[in-house]
Amino acid sequence: MTMKVRYNGGTESYYECSSPATLVVGKEYEVAFARDRGWQTDYTLNGVKGAFNSAWFDEVSHEDKVYMAIAHEPPVIGRSYFCYKLEFINGQPKLIGQTTSNVRKIDYMGNDIYHVTTRNSVYIVHVG
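Analysis parameters
Residues numbered from 1 in each chain as written. Predicted model: local features only at pLDDT ≥ 70, side-chain atom pairs only at ≥ 80, totals over all residues. Heavy atoms only, no water. Pairing = 2+ DSSP bridges. Helix = DSSP H or I, 4+ residues; strand = E, 2+ residues; numbered from the N terminus. Axes fitted to C-alpha atoms, helices over the stretch in contact; angles between N-to-C directions. Phe/Tyr/Trp six-rings, centres within 6.5 Å; stacked < 30°, edge-to-face > 60°. Buried < 20%, exposed > 50% of the residue type's maximum accessible area, 1.4 Å probe, protein only. Lys NZ or Arg CZ within 6 Å of the ring centre and 35° of its normal.

Asker: In this structure, what is going on with the sheet that holds strand E6 (residues 65-71)? I would like to understand it.
Answerer: Two strands in a sheet stick together by hydrogen bonds in their backbones, pointing the same way (parallel) or opposite ways (antiparallel). Taken in spatial order, the 6 strands of this open sheet run E8-E7-E6-E11-E10-E9, and their pairing is mixed. Of all the strands in the sheet, the pair left with one neighbour each is strand E8 (92-99) and strand E9 (103-110). Direction aside, the axes of adjacent strands within the sheet are offset by 30° on average.

Structure representation (structure tokens):
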């Protein structure tokens, strides 16, 4: 199965690589080859000339990523959002601080609960 990634707007790298000027933020690309250089992995993408730092990309899952979270402030469309998402680590629930990509859509569900859609994920957030 081929690996799909989405360009997240990154531009910095440890080792020299191709300019990201030809990449489009939010666009999905198919990885043709991944080269591990120790401190950095470079991707060669189908249909794009050059090699790019893998840190500039988010892996695309075919499943929707939905998280439960809490936050102190309501979300704002067009801005990144800081919340604490619930994850299970070694079978135990933990709250992990998370700064999301920019919020694309907000649906207020009542009782200070928001359905927050970002570029890659959905969060059900209780604001308190």
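Continuing now.
Asker: Before we go on, may I ask you to explain the sheet that holds strand E1 (residues 3-7) in this structure?
Answerer: The sheet built from 5 strands is open, its strands ordered E4-E3-E2-E1-E5 with antiparallel pairing. Of all strands in the sheet, those bounded by a partner on one side alone are strand E4 (51-53) and strand E5 (57-59). With direction set aside, neighbouring strand axes in the sheet form an average angle of 50°. The sheet contact formed by E1 and strand E2 (residues 28-36) spans 4 bridges and is antiparallel. Bridge pairing in E2 places Arg6 opposite Glu28.

Asker: Even after reading the chapter, I still don't get the packing of aromatic side chains, so can you show me in this structure?
Answerer: The geometry of two aromatic rings is summed up by the distance between their centres and the angle between their planes. Overall, the coordinates contain 9 aromatic pairs when judged by the stated rule. Considering the side-chain rings of Phe82 and Tyr84, the 5.0 Å spacing of their centres and the 85° angle between planes classify their relative orientation as edge-to-face. Phe82 sits in the partly exposed class, given a relative accessible area of 44%. For Tyr84, a relative accessible area of 30% corresponds to the partly exposed category. Through successive ring pairs, a cluster of aromatic residues spans Tyr7, Tyr29, Tyr43 and Phe57. Here Lys85 stacks its cationic end above the ring of Tyr67, 4.2 Å away from the centre of that ring.

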